[in-house]
Amino acid sequence: MTFQPKSDFLRIIIERGFLADCTDLQGLDEALLKGVVPAYIGYDATAKSLHVGHLLNIMLLRWFQKTGHKPITLMGGGTTKVGDPSFRSEERPLLTPEAIDGNIDSMKQVFAKYLAYGEGAGDAIMRNNAEWLDGLNYLEFLRDIGRHFSVNRMLSFESVKSRIDREQSLSFLEFNYMILQAYDFLELRRRYGCLLQMGGSDQWGNIVNGIDLTRRVIDEQIFGLTTPLLTTSDGRKMGKSQGGAVWLNGDMLSPYEFWQFWRNTTDADVGRFLKLYTELPVEECNRLGALAGSEINAAKVILANEVTTLCHGAEAAAAAEATARAVFEEGGLGEDLPRVVLEAAEAAEGVSIVQLFVRAGLAKSGKDAKRLIAEGGARLNDEALSDSGLVIKAEDLTSPLKLTAGRKRHALVALD
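About the cut-offs
Residues numbered from 1 in each chain as written. Predicted model: local features only at pLDDT ≥ 70, side-chain atom pairs only at ≥ 80, totals over all residues. Heavy atoms only, no water. Buried < 20%, exposed > 50% of the residue type's maximum accessible area, 1.4 Å probe, protein only. Helix = DSSP H or I, 4+ residues; strand = E, 2+ residues; numbered from the N terminus. Pairing = 2+ DSSP bridges. Contact = heavy atoms within 4.5 Å. Domains from an automatic or database assignment. Lys, Arg positive; Asp, Glu negative; His and termini not counted. Salt bridge = Lys/Arg side-chain N within 4 Å of Asp/Glu carboxyl O. Polar contact = N/O pair within 3.5 Å; in protein donor to acceptor, adjacent residues only side chain to side chain. Phe/Tyr/Trp six-rings, centres within 6.5 Å; stacked < 30°, edge-to-face > 60°. Lys NZ or Arg CZ within 6 Å of the ring centre and 35° of its normal. UniProt positions renumbered as here; feature names shortened; annotations may be inferred. Expected span 1.5 Å × (residues − 1). Axes fitted to C-alpha atoms, helices over the stretch in contact; angles between N-to-C directions. Parallel < 35°, antiparallel > 145°, perpendicular 65-115°, else oblique. Left-handed = near helix turned anticlockwise from the far one by under 90°. Nonpolar A, V, L, I, M, F, W, Y, C, P; charged D, E, K, R; others polar. Core = buried A, V, L, I, M, F, W, Y, C linked by side-chain atoms within 4.5 Å.

By the alternation rule, side chains of strand β9 (residues 339-342) split into Val340 and Leu342, which are all buried, and Arg339 and Val341, of which none is buried. As paired elements, β9 and strand β15 (residues 409-415) share four bridges and run parallel to each other. Pairing of Val340 across the sheet is with Val413, part of β15.

Before going further, it helps to spend a moment on the environment of Met59. Among the structural elements, Met59 can be located in helix α3 (residues 52-66). Accessibility expressed as a relative area gives 1% for Met59, which makes it buried. Separated by 46 residues in the primary sequence, Met59 and Ile13 have C-alpha atoms spaced 9.9 Å apart. Apart from residues no more than four positions distant in its own chain, Met59 is found in contact with Phe18, Tyr114, Leu276, Tyr277, Thr278, Glu279 and Leu310.

Now for the domain arrangement of the protein chain. Looking at the protein chain, the domain boundaries give domain 1 (8-227), domain 2 (254-330) and domain 3 (339-415). A straight line from the C-alpha centre of domain 1 to that of domain 3 covers 43 Å.

Assignment of secondary structure puts Arg16 in helix α1 (residues 8-16). Of the side chains with opposite charge, Glu15 lies nearest to the buried Arg16, which makes no salt bridge, at 6.1 Å. A distance of 2.7 Å separates a polar side-chain atom of Arg16 from the backbone oxygen of Lys275. Contacts of Arg16, omitting those with residues within four sequence positions, involve Trp63, Leu274, Lys275, Leu276, Thr278, Glu279, Leu280, Pro281, Val282 and Cys285.

What follows covers the sheet that holds strand β3 (residues 70-76). Spatially, six strands are ordered β1-β6-β5-β2-β3-β4 in an open sheet, and the strand pairing comes out mixed. In this open sheet, the two edge strands, each paired with only one partner strand, are β1 (21-22) and β4 (125-128). By the bridge criterion, two bridges tie strand β2 (residues 38-44) to strand β5 (residues 196-200) in an arrangement that is parallel. If you follow Tyr40 over to β5, its bridge partner there is Gln197.

What follows deals with the packing of aromatic side chains. Geometry of an aromatic ring pair is reported as the spacing of the ring centres plus the angle between the planes. One pass over the structure, following the stated rule, counts nine aromatic pairs. Pairing Trp262 with Phe273 gives two aromatic rings, centres 6.1 Å apart and planes at 80 degrees, and the pair type is edge-to-face. Separated by 11 residues along the polypeptide, Trp262 in helix α12 (residues 255-263) and Phe273 in helix α13 (residues 270-277) bring together distant segments of the chain. Their ring planes at 55 degrees and their centres at 4.9 Å tell us that Trp262 and Tyr277 sit as a pair that is tilted. Of the two residues, Trp262 is situated in helix α12 and Tyr277 in helix α13; the sequence distance between them amounts to 15 residues. The pair Trp262 / Tyr277 is uniform in exposure class, with both members buried. Taken together through their ring pairs, the aromatic side chains of Phe258, Phe261, Trp262, Phe273 and Tyr277 make up a single cluster. Residue placement shows Lys66 over the ring face of Trp63; its charged tip is 5.8 Å from the ring centre.

On to the UniProt feature "short sequence motif: 'HIGH' region" (unreviewed entry) in the protein chain. The positions that UniProt labels "short sequence motif: 'HIGH' region" (unreviewed entry) are, in the present scheme, residues 45-54. Summarising residues 45-54: 30% helix, 0% strand, and an end-to-end C-alpha distance of 12 Å.

Once that is clear, we can look at α3. If you check α3, its first and last C-alpha atoms are 21 Å apart, about what 15 residues at 1.5 Å a residue would give, namely 21 Å. The element α3 is extensively covered by neighbouring structure, given that 12 of its 15 residues are classed as buried. Buried within α3 are the following residues: Val52, Leu55, Leu56, Asn57, Ile58, Met59, Leu60, Leu61, Arg62, Trp63, Phe64 and Gln65. Remark: Gly68 follows α3 within two positions and exhibits a positive phi of approximately 100 degrees.

Helix-helix packing: each pair is described by the crossing angle between the helix axes and the interaxial distance. Close contact between α13 and helix α15 (residues 295-312) brings their axes to 10 Å; oriented N to C, the two are set at 20 degrees. Classified by the angle between their axes, α13 and α15 sit roughly parallel to one another. In the packing of α13 onto α15, the handedness of the crossing is left-handed. Seen from α13, the contacting residues are Val270, Phe273, Leu274 and Tyr277; seen from α15, they are Ile296, Ala299, Lys300, Leu303, Val307 and Leu310. The class makeup of the residues in the contact of α13 with α15 is nine nonpolar, no polar and one charged.

What follows concerns unusual backbone geometry. Residues other than glycine seldom take positive phi values, yet Asp219 does so here, at roughly 55 degrees. Within the secondary structure, Asp219 sits in the loop between α11 (204-218) and β6 (223-227).

Note on soluble globular proteins: their nonpolar side chains tend to be buried together. Residues Phe9, Met198, Phe258, Trp262 and Tyr277 are the most contacted members of the largest nonpolar core, which totals 96 residues. A domain-level breakdown of this core finds at least three residues from each of domain 1 (8-227) and domain 2 (254-330). Sequence-distant contacts of Phe258, that is, excluding residues within four places in its chain, are made with Val52, Leu55, Val246, Trp247, Leu248, Leu253, Val307, Thr308, Cys311 and His312. Leu342, Val351, Phe357 and Leu403 belong to the second-largest nonpolar core, a separate cluster that totals 24 residues.

Read from one edge of the open sheet, five strands run β9-β15-β14-β11-β12, paired in mixed fashion. Where the open sheet ends on each side, the last strands, each with one partner, are β9 and β12 (383-384). Sheet topology note: the strand β14 (residues 401-405)/β15 ladder contains five bridges and is antiparallel. Paired with Leu401 across the bridge in β15 is Val413.

What follows concerns the pattern of salt bridges. Side-chain pairing between opposite charges can occur once the charged atoms of the two side chains come close. Here the structure, examined in full by the defined rule, presents 18 salt bridges. A salt bridge links Arg189 to Glu220; the shortest N-O distance between them is 2.6 Å. Pair noted here: Arg189 is in helix α10 (residues 177-192) and Glu220 is in the loop between α11 and β6, with a separation of 31 residues, a long-range link. Since its relative accessible area comes to 32%, Glu220 is described here as partly exposed. When salt bridges with common partners are traced through the structure, they connect Glu131, Glu187, Arg190 and Arg191 into a single cluster.

The following block contains the structure:
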């Protein structure tokens, strides 16, 4: 018999495609009906910005709050010092405490766009697990917490097993990560009454560890829920583009480039992404996703506008659409395109076209740029570019130059 949730939160996320697994759907449904439930998702501070791969779970927290519950965004000021080994082929580089704090400060700006923070019952709160992890006494922690963990069981988790099966080193430091994450759940339960941890399906083992630890230490029931690990219909990992990660911070990826990423969604993914990344009614998402031919392009513009409005604001979305229209439909130069600005002295000496493609983010390296030019995938002011030895000088920049990679990626080069 198919589970029929009574709570708004579970009904919405199941209908929209967010649910991969849950430790106890019936029990969680009943808890959600009783009153405000606090739930958390953890975010390690490994970069200055979150990326599109994180957006699914940020939207999950947004729906959680919109249905009357309390989201907790847990920043991994402590756990980032160890590094999550889940499905990694090698150990993460260790960051200094100063770098971690800087990353957290930079990441905060995104959450404020999706969640309402405050002191009310349903307001979101942000916490840092360094609060309780940094001051741990190692021997006391081993005695009070470590004794509840079975190494045999930890070795059986897929995230660990996959590393060992490939004979890739798993350090003792990384092995401690799952214990620390489990301890986070226990502490959040004690301090804030947290009943639920959510995360991607690669976090299932870590979540179950936290539930088991909490039951053993304070004999209380808590829940875990995971979202699917998304890939696009053509098999690519969600959140990756030709230029690298699709960052959520506007200072690391322009709103136009963010908009363009969604506008370039594969036809087969439009309906699914509308349900996951926008708040349009499910019926409308299904209708738009079923369009074909040139009509599906209009649905992609709606997707890009809706997602960009949430992340960067309505003005940024409108400007991105206007720029795209100017570039693609009218053949002009969009003011919102990414720019490479050359100093007068640098332009006087000249800069190679290859380096300009790299600096504009249209190629990953000089070799990549040369290959793009050789294969006929590069254009300069909408004209085919075949000379990878071309040098751009000040006299060529009386007006901005338009660089194009493929059909849909553009940038401008201008003098300061």
